[in-house]
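Spelled out from the first residue to the last, the chains are:
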Amino acid sequence: MDDQGKRLLIALIISFAFLFVYQRYMLPPAPVAVEEATEKTTPAPTEEISPAPEVGAAPLEPLEPLAAEMERTVTISTPLYQVRLTNRGAAVSSFTLLRYRQELKDLESQVEMVRVVQEGGDFPLAAEFIGAGGPLGFSQALFQVEGSDLSLAEGQSGEVVFRYRTAEGLEMAKTLTFFADTYKIDCSVALHNRSDQLLRGRTTLQWAPGLEPPEGGSKGSMFSASRYGYQGAMFHAGNGRPDKIKANKLEGPVEFEGPFAWIASEDMYFVAALMPSEETTGALARKGSDGRVEVGVFSQVQLAPGSTAFLDAAAYVGPKEMAALKAVSQSLVKTIELGIFGFIAKPLLDMLNFFYRYVGNYGLAIIILSALIKIVFIPFSTISHRSMKKMSRLQPQINALRDRYKKDRDKLNQEIMKLYQENKVNPASGCLPILVQIPVFFALYRALLGAIELRHAPFYFWIADLSAKDPFYITPIFMGATMVLQQKMTPVTGDPRQAQLMMFMPIVFTALFLSFPSGLVVYWTVNNVLTIGHQYWMNKRLKLEEAAKVEVEEPGKGKKGKRKK
């Protein structure tokens, strides 16, 4: 293995060592994986449910069943969304986000958070009581409605109450509270036992169906950016990174007991999350008939005659936007996947939004952020370029040593290291400054890949959506050209055949970026252009330094030569 190969191997070893140390010693302990939970947690039989604290009074006289005669819809309008509630299951039949379009060119196509519900299926935020004999049918019952259509202005809130009572005397009162300034919904489910029997079971509140594409649905082409964004269910215990709950790994219901932060269903840009209250016992996930994962929270209850039990939870139904998520709960920010370098990506995303507030264009904000990062890393790039330039000057001598000791690798390596020492060249100084920059570049790349801020955000000219590919492929082709120019300006420090092999990299990157979001391509292109500018400046500076060095070592030599002429 020649010196170039060894440097590449050293760089890879250092990179993996960095990732290992970070994951092993810096990350908080991760919660139990979904696969383990599938083996260790199974739904407990309802007959063995442990008692919960009882709240109540003396037994009540049995009452007649309470139900509506027909299906009814209630509409809640806010500046952020419009919700239609159905009294069938006291659930959400439509949740439209007013500030986000489904299709860029269709101004009327707002994003719908209630995905297609199969016939007979449950709607989101439906509640159920599961006793010894199974579900009692609350999720499909016709509730009576207390309240009417609401139109909430800034700073206002409003609630709708649903009531239903079974023939056995179990009454459910469900209250949904909406807020004009946030995507949070407060959900309160109260169960009143008006019978003369002890009731044991659990109360559940669920979001179904999930937001991910149905089983067999379109998930994008091989190079589509949507393939790199997770779509499915996630569970967050409150520390570490959230667990992904993938439909293809679910063989049956999975339950998570104990304190937790949230359980959610999400696609690339939007999320529906359920957050527990003190009364919540645990969370659950199961695969629906259409292949999507349904999520929910539950509370184990034991209802004596005349007693009441509660299940309270908050729901976030909206975009994966940093400010909106933080306004509800800091932990919800983790629904945005930022990868292993999320601790770097998060402040970079905050900076992107900061620049946007001043320039009003996310394309310009990306350019400013890329330039700022490049300026911060100029000292590292300078060290790397100087080292590579020194090594390139030694390349003829290294090639001569290769020819002389081509049959003795050990001797060749010894002579090359001796040559480096004599010329005060450190081979690692060309790689280490680059390795320092890799986490930042990768973090920004990951942040831009799934940033909802770029969704349908225009740039200039033909780029109308920074989250979509360039329709004419102009920017990725230009990016490939900048990579070619950048490589030609980079000092050659290894085997010329390796340099020729590296010339294929622009072709590979260009093909990969053809279908990537144009915002990512803008970032990569700007970084390449700035690197080219820095290399040009460094090459001129090094030439001047060399000329000055020659003048110092051989003063007056040039003047004498002129006098002879």
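Here the structure is shown first, and the text comes after it.
Residues numbered from 1 in each chain as written. Predicted model: local features only at pLDDT ≥ 70, side-chain atom pairs only at ≥ 80, totals over all residues. Heavy atoms only, no water.

A few points about the overall build of the protein
When helices and strands are counted, the protein shows 14 helices and 21 strands. Counting across all 565 residues of the protein, residues that qualify as buried make up 48%. In the protein, the share of contacts with a sequence separation of at least 24, taken over all contacts with a separation of at least 6, comes to 67%. (Helix = DSSP H or I, 4+ residues; strand = E, 2+ residues; numbered from the N terminus. Buried < 20%, exposed > 50% of the residue type's maximum accessible area, 1.4 Å probe, protein only. Contact = heavy atoms within 4.5 Å.)

Description of the pairing of strand β13 (residues 199-207)
For β13, a buried count of 7 out of 9 residues is recorded, marking the element as mostly surrounded by other parts of the structure. Where strand β6 (residues 126-131) meets β13, 5 bridges bridge the pair, whose relative direction is antiparallel. Bridge pairing links Ala126 to Gln206 in β13. Relative to strand β20 (residues 293-303), β13 is paired through 9 bridges, and the arrangement is antiparallel. Note that in β20 the partner of Gly201 across the bridge is Val301. (Pairing = 2+ DSSP bridges.)

Some thoughts on the environment of Ile367
Along the chain, the position of Ile367 falls in helix α5 (residues 362-376). A residue is classified by how much of its surface remains accessible, and Ile367, at 29% relative accessible area, is partly exposed. Ile367 has contacts with Phe459, Val522 and Val526, leaving out every residue within four places of it along the chain.

Comments concerning the pattern of salt bridges
All told, the structure shown has 15 salt bridges when counted by the stated rule. One salt bridge in this structure joins Glu171 and Arg194, with 3.0 Å as the shortest N-O distance. Residue Glu171 is found in strand β11 (residues 170-179), and its partner Arg194 is found in the loop between β12 (184-193) and β13; the two are separated by 23 residues along the sequence. Two residues, Glu266 and Lys320, come together in a salt bridge whose shortest N-O distance is 2.4 Å. With Glu266 in strand β17 (residues 262-266) and Lys320 in the loop between β21 (307-319) and α3 (322-328), this residue pair connects regions lying 54 residues apart in the sequence. Comparing Glu266 with Lys320 shows no difference in burial state: the two are buried. Here the salt bridges share partners, and the residues they tie into one network are Glu146, Arg163, Arg165, Glu171 and Arg194. (Salt bridge = Lys/Arg side-chain N within 4 Å of Asp/Glu carboxyl O.)

So, the environment of Val297
Assignment of secondary structure puts Val297 in strand β20. Each C-alpha atom, one on Val297 and one on Thr203, is 8.5 Å from the other, the two residues being 94 residues apart in sequence. What Val297 contacts, discounting residues up to four positions off in sequence, is Thr203, Thr204, Leu205, Phe260, Ile263, Leu274, Thr280, Gly282, Ala283, Leu311 and Ala313.

Quick notes on the nonpolar core
Membership of the largest hydrophobic core comes to 119 residues, with the highest contact counts inside it found for Leu85, Phe95, Leu97, Phe178, Ile245, Ile263 and Tyr316. In terms of residue count, the dominant contributor to this core is helix α9 (residues 432-449) (8 residues). Excluding its chain neighbours within four sequence positions, the residues that come into contact with Tyr316 are Tyr183, Val271, Ala272, Ala273, Met275, Ala324, Leu325, Val328 and Leu332. In terms of nonpolar packing, the next biggest core, distinct from the first, is built from 10 residues, Ile398, Tyr405, Ile416 and Val425 among them. (Core = buried A, V, L, I, M, F, W, Y, C linked by side-chain atoms within 4.5 Å.)

Focus on the sheet that holds strand β9 (residues 150-151)
Strand order in the open sheet made by the 5 strands is β5-β4-β3-β2-β9, with mixed pairing throughout. The open sheet has two edge strands, β5 (110-112) and β9, and neither has a second partner. Bridge count between strand β3 (residues 81-86) and strand β4 (residues 91-101): 6 bridges; the pairing is antiparallel. Across the sheet, the residue bridging to Val83 is Phe95, located in β4.

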